[in-house]
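Listed below, chain by chain, are the residues.
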Amino acid sequence: MNQEIIEHLMHPRNYGPLENATGIGVGHSEKTGEFVIFYIETEDNNLKNVGYATNGCHDTVVLGSMFTEMIKGSDLNYAKAAAEKLRERVAEGPQKQQACAHMVLSAFDAAQIHERQRRNGSAEELFAIEIAMECEVESHD
Amino acid sequence: MIETTLFRQKHQLWLRMAFMSFSVNDPWVKNRLYEFSQIEFRHLKWLAQSLYENHIPYDYERDPQFSCESESFFSLIHTTIHEMKALHLLYQDTPLYERMKHDEEYMLGTLHAYLQKLSLDEPLKAFNRSRHWEDALLSPSEIDALTLFLFEELYKEYELIMVYFYCQIRATTLSQVTYFQDLIDESHFHLRSFGNMMAKLGILALPRVLHPRTYNITDMEKFLKDGILEEENAKEECRKLSGAISDEKLSRFFEFINYQESYHIEIMKKLLGEM
């Protein structure tokens, strides 16, 4: 385990809600109660600020921390491409990591949907996407 | 609202005391600070009860700058003294606040006395990221497994304490209060054990701030059923770690924790029966 992972575990980056979020999305598993909540603040198609919170496992924490660090300050197209790349990369890894990444990325997708809905006049507080994969998949083996 | 700020600061002070206790090397000071942290937790409980009875909202937010990390014990003491004195400015003239202030004046006296003992001002190893386990020779993969387990479970125990605490304040029968208290006490022991182990490894860090979605329980039955599932997962994690670690003493400790989780499930089943 490298030092970078330890740092993300000790001090997850961009952790917590944003005061001026323009979109709030949740990726959650109804079965386990685990969730990731993702906050975005966009301006002129740029992700001015991002934040996340989770009650999930260490893989979810580290992935959320790394992903938010990667996309913060970038334009939305870059962020979407980065999300796709991350999805492809974890697809080769253990199923547990796939589930964690899926939860983080679903929450990011949900935040973008929420932002679009808000622009169209919706007053919903957030948009949620339920995911079928379970983070604890390995524990039941 | 002043009470919301006060609750947040008391919550931080409990964490400050507990994590300062985990980080310090001297065993006497470590125990004393842990006792103080338990007093702070009781204050927090009485405060939450009072706020809830008076329909005053409170939450588990923390100051984004709040940190338990420092290179020196004396620097942590100075920070604690400063935070405690700032808190006293928020106390009002009620028996509860009088009690809190009285306790904390004694704690301040003890902290000032520590500052006179120069031998205590040694560098703290708790945050040096060494990941070296002094008590036994562990392989890199054993250290990795232990590291991940401790990060995961320290957060979970903190989460459990705060969620059970939230439920206990809203409990409707005496037996519910008792069951939640048992669960809180058990998690305090686990938090303390894991915190001290993380400090030994040089990776002590505060648990993540809880999102309100974690503790605003609307369906208690579902919460308890999920909790039982989570305890079973925790048992599995303990069992896996116990199997992955060759050191007999450490392995036995995780077996002991694993067995404790079994009884948590029984307490939660009793709570489910109360619903």
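None of the values given here were measured: they were computed from a predicted structure. (Residues numbered from 1 in each chain as written. Chains lettered and ligands numbered in written order. Predicted model: local features only at pLDDT ≥ 70, side-chain atom pairs only at ≥ 80, totals over all residues.)

Quick notes on helix 2 (residues 27–53) of chain B
Quick reminder: α-helices carry 3.6 residues per turn. Residues three or four places apart thus point the same way. Residues and elements named next belong to chain B. Formally: Each helix corresponds to a stretch of at least 4 residues labelled H or I by DSSP, and each strand to a stretch of at least 2 residues labelled E; elements are numbered beginning at the N terminus. Given the number of residues in a helix, its expected span is that number minus one, multiplied by 1.5 Å. Residues with at least 20 other C-beta atoms within 10 Å of their own are called buried, those with 12 or fewer are called exposed, and the rest are partly exposed. The C-beta atoms themselves are positioned from the backbone. We call two residues in contact whenever the C-beta atoms placed from their backbones are within 7 Å.
Look at helix 2: 39 Å from first C-alpha to last across 27 residues, which is about the 39 Å you get at 1.5 Å a residue. Buried residues of helix 2: L33, F36, S37, E40, F41, L47 and A48, and no others. Contacts from the buried residues of helix 2 go to helix 1 (2–23), helix 4 (95–116) and helix 5 (140–169). Note on helix 2: the residue one or two positions beyond its end, H55, has a positive phi of about 55 degrees.

Brief notes about the confidence of the model for chain A
Our working rule: Known as pLDDT, the predictor's per-residue confidence is scaled from 0 to 100.
With 94% of its residues at a pLDDT of 70 or more, chain A has an overall mean of 91. Here residues 137–141 of chain A scores under 50 on pLDDT; set against residues more than four positions off or in separate chains, the count is seven contacts.

Observations regarding unusual backbone geometry
Of note, N45(A) is a non-glycine position whose phi angle comes to about 65 degrees, a positive value. Counting through the fold element by element, N45(A) comes out in the loop between strand 2 (35–43) and strand 3 (46–54). Although it is not a glycine, R131(B) sits at a positive phi angle of roughly 50 degrees. Turning to its location among the elements, R131(B) is positioned in the loop between helix 4 and helix 5.

A closer look at the interface of chain B and chain A
As a measure of interface size, the accessible area lost when the parts come together is often cited. Applied cut-off: Here the nonpolar group is Ala, Val, Leu, Ile, Met, Phe, Trp, Tyr, Cys and Pro; Asp, Glu, Lys and Arg are the charged ones; every other residue, Gly included, is treated as polar.
With 20 residues of chain B in contact, the opposing surface of chain A contributes 19 residues. Those elements that place two or more of their residues in the side of chain B that touches chain A are helix 5, helix 7 (212–215) and helix 8 (220–244) of chain B. Top contributing element to the side of chain B that touches chain A by residue count: helix 5 of chain B, with six residues. Considered class by class, the residues forming the side of chain B that touches chain A number seven nonpolar, four polar and nine charged.

As for the packing of helix 2 (residues 58–71) of chain A against helix 4 (residues 95–119) of chain A
All names here are of chain A. The cut-off we apply is this: For helices, the fitted line uses only the C-alpha atoms of the stretch in contact; every axis is such a line through C-alpha atoms, and the angle between N-to-C directions lies from 0 to 180 degrees. Each angle gets one of four labels, with under 35 degrees taken as roughly parallel, over 145 as roughly antiparallel, 65 to 115 as roughly perpendicular, and the rest as oblique. Crossings are sorted by hand: turned counterclockwise from the far helix by less than a right angle, the near helix makes the crossing left-handed, and turned clockwise it makes it right-handed.
In contact at an axis separation of 9 Å, helix 2 and helix 4 are set at 50 degrees when each is read in the N-to-C sense. Here helix 4 runs oblique to helix 2, going by the angle between their axes. Crossing geometry of helix 2 relative to helix 4 is assigned as right-handed. Of the residues in helix 4, those in contact with D59, T60, L63, G64 and F67 of helix 2 are K96, Q97, C100, A101, M103 and V104. Among the residues making up the contact of helix 2 with helix 4, the classes are represented as six nonpolar, three polar and two charged.

A look at the pairing of strand 3 of chain A
Residues and elements named next belong to chain A. What counts, and what does not: Only strands joined by at least two bridges in the DSSP assignment are considered to pair.
In this sheet, strand 3 lies alongside strand 2 in antiparallel orientation, the contact comprising eight bridges. By the bridge assignment, Y39 is partnered in strand 3 with G51. Connecting strand 2 to the antiparallel partner strand 3 that follows it, the hairpin turn spans two residues, and D44 within it adopts a positive phi of roughly 50 degrees.

Points about the sheet that holds strand 3 of chain A
Residues and elements named next belong to chain A. Pairing in this open sheet of four strands is mixed, and the strands run 3-2-1-4 from one edge to the other. Since the sheet does not close on itself, it has two edges, and those belong to strand 3 and strand 4 (127–130), each with one partner. The mean angle between the axes of side-by-side strands here comes to 20 degrees, regardless of whether they run parallel or antiparallel. Judged from the six bridges that link them, strand 1 (residues 23–28) and strand 2 form a sheet pairing that is antiparallel. Among the inter-strand pairings, V26 is bridged to a residue of strand 2, identified as I37. This element, helix 2, spans strand 2 and strand 3 of the sheet and lies at about 170 degrees to strand 3.

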